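Fold and geometry: a report
Chain by chain, the residues:
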Amino acid sequence: MGPGFHDFDVALIKDTPFGHRGSGELATVEFRAEFFNIFNLVDFGLPSNIVRGSGFGVISKTAGSSRQIQFSLKLIY
């Protein structure tokens, strides 16, 4: 059993209608901001389980990725 894993993801979405076609809108623009591992917490991997060696029990890597942010703009018509 290894250290705990914590990962917090957040998405913010804003829909904005624009233009007119008859009684409704022509299209909608969707802006999206997505944040993965927003608090940038370091999650360590499992310790080495090779008994015969100098690295036994040593954690030498991380389990998750660092903070990632992506933005997108989508036109829905």
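Worth saying up front: this structure is predicted, and the values here are computed from it rather than measured. (Residues numbered from 1 in each chain as written. Predicted model: local features only at pLDDT ≥ 70, side-chain atom pairs only at ≥ 80, totals over all residues. Heavy atoms only, no water.)

**Looking at the confidence of the model for the protein chain**
To keep things clear, this is the line we draw: Think of pLDDT as the predictor's per-residue confidence, scored from 0 to 100. Under the DSSP-based scheme used, a helix requires at least four consecutive residues in state H or I and a strand at least two consecutive residues in state E, with every element numbered from the N terminus.
On average, residues of the protein chain carry a pLDDT of 87, and 97% of them reach 70 or more. The secondary-structure element of the protein chain with the lowest mean pLDDT is strand S1 (residues 10-21), recorded at 91, while strand S3 (residues 68-76) shows the highest, at 96.

**Notes on the environment of Gly57**
For clarity, the cut-off: Exposed residues in this analysis have more than 50% of their type's maximum accessible area, buried residues have under 20%, and partly exposed residues fall in between, with area computed by a 1.4 Å probe over protein chains only. In this description, contact between two residues means that some pair of their heavy atoms is separated by no more than 4.5 Å.
Within the fold, Gly57 resides in the loop between strand S2 (24-36) and S3. Its relative accessible area of 44% is what places Gly57 among the partly exposed residues. Placed 10 residues apart in sequence, Gly57 and Pro47 show a C-alpha to C-alpha distance of 4.9 Å. With residues near it in sequence (within four places) discarded, Gly57 still touches Pro47 and Ser48.

**Structural notes on the pairing of S1**
Filter applied, for reference: Only strands that DSSP links by at least two bridges are regarded as paired with each other.
Sheet topology places S1 next to S2; 11 bridges connect them, and they run antiparallel. Counterpart to Lys14 in the pairing with S2 is Phe31.

**Some words on a nonpolar patch on the surface**
Definition in use: Residues forming no salt bridge and having over 30% relative accessible area are the ones grouped into patches, like charges within 9 Å of each other and nonpolar side chains (Val, Leu, Ile, Met, Phe, Trp, Tyr) within 5 Å. Using a 1.4 Å probe, the Shrake-Rupley method yields the accessible areas, and only the shown protein chains count as cover for residues. Salt bridge, as applied in this entry: a Lys or Arg side-chain nitrogen positioned within 4 Å of an Asp or Glu carboxyl oxygen.
Taken together, the side chains of Phe31, Ile69, Phe71 and Leu73 present a nonpolar region at the surface, about 450 Å² in accessible area. Examining the composition of the nonpolar patch, we find that 3 residues originate from one element, S3, more than from any other. By the element assignment, Leu73 lies in strand S3. The exposed category is assigned to Leu73, whose relative accessible area is 65%.

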